[in-house]
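Commentary on secondary and tertiary structure
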Amino acid sequence: MAAQRELYDAIVIGAGIQGCFTAYHLAKHSKKVLLLEQFFLPHSRGSSHGQSRIIRRAYPEDFYTQMMAECYSMWAQLEHEAGTQLYRQTGLLLLGMKENPELKIIQATLSRQGVEHQCLSSEELKQRFPNIRLARGEVGLLEVSGGVLYADKALRALQDAIRQLGGIVHDGEKVVEIKPGLPVTVKTTSRSYQAKSLIITAGPWTNRLLRPLGAELPLQTLRINVCYWQEKVPGSYSVSQAFPCFMGLGLSLAPHHIYGLPSREYPGLMKVCYHHGNNADPEERDCPAAFSDIRDVHILSGFVRDHLPDLQPEPAVMEHCMYTNTPDGHFVLDRHPKYDNIVIGAGFSGHGFKLSPVVGKILYELSMKLTPSYDLTPFRISRFPSLGKAHL
């Protein structure tokens, strides 16, 4: 007779930032948790690698700004536990035309939520940030608490914390089969595991795991160019010069946001990226660039040339990461429609990293059948009416 398998309270599939924070919350509440990752850690195949991400409260939607209040305190708590700096306050500068509707909505949200910010005229911007060149009619909105998260350090700190709290992390183990039930069985390339609940945080691989379970989400997987631009004078756009993170909204050449972080990761190079990319299979992410890749870089080159005159207008370094986008840009945080002990966290649409402390808490609550701390209406699977019964 086969030996009795170990029963976990929860198994989390995918050790990106969302899966790590989910496992962290489970372990913190003394749950027996197993975190599975198909690649050996650390890796650069998903959406959570690299050294930096923007953290901000500036959102058009109140619900994200509200969630960010708790995220900031949880990031600070993780910093304290890890004894290492994970956040650097630089401020976040939003640039747009004075009449830009999104800029107006964000400013109204920040005011309503009591978030400290400053509206800067073109003249004030020129005085504060002389190495930004503005188009006529462009103004700024500075969110004071915006800044940089040190992504790779955060992942490492979380994985260490999970182990210290008694959680188990298995990397280099790809999930090959999920058998729903009580308990749910998860078969990997190495062995089988059983758990009372399962949380899927598999980024661009989400639908590969959901399809055999009779569900498919409207997720678009994109390959993003992460571009770094050489400073003409080293340090001119650096954190030490009090240069902020920025986002360009509603720019004439760019249908999507352009964003940047002050130089730090690579000395003398500033990260400036386009918040969109090209359809890509996550298994073929490193294939030769598509034609539209060049178009993205062309848009960025034009922005750098026009707005950041102290940078060389051609990228010096180009890396890649994956986005997994939903049609509305909001996350999926929900239970599987048929199996209520299978929870899904997906579709983080390129803006999930900063929100991961609260996302992990919500996924923990859903998996333990607790009342969620937030209204999950914006994140439910049922908001996609085009998903006929065939998909669920």
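Calculation rules
- Position numbers for residues start from 1 in each chain and track the written sequence from start to end.
- In keeping with the model being predicted, local features are shown solely for residues with a pLDDT of at least 70 and side-chain atom pairs are shown and tallied solely at 80 or more, while totals for entire chains, interfaces and linings include all residues.
- Only hydrogens and water are set aside when side-chain values are computed; all heavy atoms of the structure are taken into account.
- We define a salt bridge as a contact between a side-chain nitrogen of Lys or Arg and a carboxyl oxygen of Asp or Glu at a distance within 4 Å.
- Labels follow the DSSP assignment, with helices taken as runs of H or I lasting at least four residues and strands as runs of E lasting at least two, numbered in each case from the N terminus.
- Relative accessibility thresholds used throughout: buried, under 20% of the residue-type maximum; exposed, over 50%; partly exposed, between the two (1.4 Å probe, protein chains only).
- For two strands to pair, DSSP has to find at least two bridges joining them.
- Here an axis means a line fitted to C-alpha atoms, over the contact stretch when the element is a helix, while the angle between two N-to-C directions is reported on a 0 to 180 degree scale.
- In what follows, a contact means two residues having at least one pair of non-hydrogen atoms within 4.5 Å.
- Ring pairs shown here join Phe, Tyr and Trp side chains whose ring centres sit within 6.5 Å, with only the six-membered ring taken for Trp; geometry is labelled stacked below 30 degrees between planes, edge-to-face above 60, and tilted in between.
- Definition used in this section: a nonpolar core is a set of buried Ala, Val, Leu, Ile, Met, Phe, Trp, Tyr and Cys residues joined via side-chain atoms within 4.5 Å.

1. What about the pattern of salt bridges?
- Enumeration according to the criterion identifies 12 salt bridges in this entry.
- A salt bridge links K28 to E81; the shortest N-O distance between them is 2.9 Å. Here K28, found in helix 1 (residues 17-28), pairs with E81, found in helix 2 (residues 62-82); they are 53 residues apart in sequence, far enough to count as distant.
- The partly exposed category is assigned to K28, whose relative accessible area is 33%.
- The salt bridge partner of R112 is D62, with a shortest N-O separation of 2.8 Å. Of this pair, R112 sits in helix 3 (residues 101-112) while D62 sits in helix 2, and the two are 50 residues apart along the sequence.
- Among the residues examined, D62 registers a relative accessible area of 23% and is labelled partly exposed.

2. Concerning the sheet that holds strand 3 (residues 52-55)
- Spatially, the three strands line up as an open sheet ordered 3-8-4, and their pairing is antiparallel. Every interior strand has two partners, whereas the edge strands, strand 3 and strand 4 (87-89), have only one. Within this sheet the neighbouring strands show an average axis-to-axis angle of 25°, counted without direction.
- Strand contacts of helix 2: strand 3, strand 4 and strand 8 (147-150), with the helix running at about 140° to strand 3, the strand carrying the most contacts.
- Sheet contacts for helix 5 (residues 151-164): strand 3 and strand 8; angle to strand 8, the most-contacted strand, approximately 45°.

3. Some details on the packing of aromatic side chains
- Going through the model one piece at a time under the given rule, you end up with 17 aromatic pairs.
- Measuring from ring centre to ring centre gives 6.3 Å for F129 and F243, while their planes differ by 75°; the resulting arrangement is edge-to-face. One end of the pair, F129, is in the loop between helix 4 (122-128) and strand 7 (138-143); the other, F243, is in the loop between strand 13 (220-231) and strand 14 (245-248), with 114 residues separating them in the sequence. Neither F129 nor F243 differs from the other in exposure class; each is buried.

4. Some words on the pairing of strand 10 (residues 175-179)
- Two elements, strand 10 and strand 11 (residues 184-188), share four bridges in a ladder whose sense is antiparallel. Within the sheet, the bridge partner assigned to V175 lies in strand 11 and is T188.
- What sits between the antiparallel neighbours strand 10 and strand 11 is a turn of four residues, in which G181 has the positive phi angle 145°.

5. A closer look at the nonpolar core
- Core analysis: the largest hydrophobic core is formed by 46 residues, its most contacted members being L35, W75, F331, L333 and L355.
- Those elements that provide at least two residues to this core are strand 1 (7-13), helix 1, strand 2 (33-36), helix 2, helix 5 and helix 8 (356-367).
- Excluding anything up to four places from it in sequence, L333 contacts I344, G345, F348, V359, I362, L363, L366, L376 and F379.
- In terms of nonpolar packing, the next biggest core, distinct from the first, is built from 28 residues, I11, L36, L213 and A346 among them.

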